[in-house]
Amino acid sequence: MAETLERPDVQQPPRFGQLFGRLVLAGVIAGALAGAYSLLVTERAIAPALDLEDARLAAEGGHDHGVEMFSRGTQLFGGFLGTLVAGVVLAVVFAAVYGVTRHRLPGRTDFSRVVLLAAIGFGIFALLPTLKIPANPPAVGDPATIGTRTAIYAIVLLCGVIAAMLVSALVSFMQSRGVATAATAAAAVALTGVLVALVILLVPDSPDRIPLDVPAAVVWNFRLASLGQLAVLWTALGLAGGWLLDRLTRTSR
């Protein structure tokens, strides 16, 4: 019995406090990297849109111009700090979800499980909304439609969560019936594709239209930069969190 407990290949699941602390640390790393990406990449995509807004105000007589409450440098620092805080908050939620679903996620190590859960999170909270209601730069968007756009975004997120639960239920059902791994993966991919297509077709589109004075390159550069920032956030959270938890479980063997 003692020999069985001392086997080096047996991993004990980490306590929630250990899991929570390491994933929050991963959130700090992810938030810092995403903030740096925002300063280096996203800011360059926002600048042309801000120039368009200034040109519109100047054409209208400049009556809306005034002294800014915060300088652009202060705004950039605030954006970096906000991204860092968002990474920590995301990690807190991620740790809670991982603690509940860890035993159900496929994979032999915490690294593979954390990376998989981060990939699912990216698909639900970043990729699916980008496909249905992509982000627009400051020069695009009517303030009167913000409520409608927020509702559409929330519906898309809800549909993404439901889709993930349905795919998870299908995978569990097929595994319980002894279906081969390849067939289970193919069925999961097919169901995911069908559900994503239904969301794109059935959920209403954004009511905003791209103004004629906004070049397409400005819009798409901003959208790609925004998606890239989310990709950095989720990728760093998955890789850093998985590495930290994997080191914990390997050390505690």
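1. Here we look at the overall build of the protein
And step 1. Each helix and strand counted, the protein has seven helices and zero strands in total.
And step 2. Helices and strands appear in the protein in the N-to-C order α-α-α-α-α-α-α.
And step 3. For the protein, with 253 residues in total, the buried portion stands at 32%.
And step 4. Here the analysis covers contacts within the protein between residues at least 6 apart in sequence; of these, 83% occur between residues at least 24 apart.
And step 5. Within the structure as shown, the protein displays about 14800 Å² of accessible surface, and the carbon and sulfur contribution to it stands at 69%.

2. Overview of the packing of helix H4 (residues 110-132) against helix H5 (residues 146-176)
And step 1. Orientation of H4 relative to H5, taken along the N-to-C sense of each, is 135 degrees, at an axis distance of 9 Å. Comparing the axis directions of H4 and H5 gives the class oblique. As H4 runs across H5, the sense of the crossing is right-handed. Of the residues in H5, those touching H4 at Ile 120, Ile 124, Phe 125, Leu 128, Pro 129 and Lys 132 are Tyr 153, Val 156, Leu 157, Gly 160, Val 161 and Ala 164.
And step 2. Here the residues of the contact of H4 with H5 sort into ten nonpolar, one polar and one charged.

3. Focus: the nonpolar core
Side chains of nonpolar character tend, in soluble globular proteins, to be buried together.
And step 1. Among the nonpolar cores identified, the biggest contains 22 residues, and Leu 23, Phe 94, Tyr 98, Leu 237 and Leu 245 are the most heavily contacted of them.
And step 2. Among the secondary structure elements, those contributing two or more residues to this core are helix H2 (16-59), helix H3 (72-101), H4 and helix H7 (216-251).
And step 3. The biggest single contributor to this core is H7, with eight residues.
And step 4. The contact partners of Phe 94, leaving out residues within four places of it in the chain, are Leu 23, Val 114, Leu 117, Ala 118, Trp 234 and Leu 237.
And step 5. Core analysis: the next-biggest nonpolar cluster, separate from the first, contains seven residues, Ala 49, Val 214, Val 218 and Val 219 among them.

4. Things to note about the pattern of salt bridges
And step 1. Within this structure, the stated rule accounts for four salt bridges.
And step 2. Put simply, Lys 132 and Asp 205 hold a salt bridge, and the shortest N to O gap is 2.6 Å. Here Lys 132, found in helix H4, pairs with Asp 205, found in the loop between helix H6 (181-202) and H7; they are 73 residues apart in sequence, far enough to count as distant.
And step 3. Connected through shared salt-bridge partners, Arg 102, Asp 110 and Arg 113 make up one network.

Rules and cut-offs
- Residues numbered from 1 in each chain as written.
- Predicted model: local features only at pLDDT ≥ 70, side-chain atom pairs only at ≥ 80, totals over all residues.
- Heavy atoms only, no water.
- Helix = DSSP H or I, 4+ residues; strand = E, 2+ residues; numbered from the N terminus.
- Buried < 20%, exposed > 50% of the residue type's maximum accessible area, 1.4 Å probe, protein only.
- Contact = heavy atoms within 4.5 Å.
- Areas by Shrake-Rupley, 256 points an atom, 1.4 Å probe, with all protein chains shown as cover.
- Axes fitted to C-alpha atoms, helices over the stretch in contact; angles between N-to-C directions.
- Parallel < 35°, antiparallel > 145°, perpendicular 65-115°, else oblique.
- Left-handed = near helix turned anticlockwise from the far one by under 90°.
- Nonpolar A, V, L, I, M, F, W, Y, C, P; charged D, E, K, R; others polar.
- Core = buried A, V, L, I, M, F, W, Y, C linked by side-chain atoms within 4.5 Å.
- Salt bridge = Lys/Arg side-chain N within 4 Å of Asp/Glu carboxyl O.

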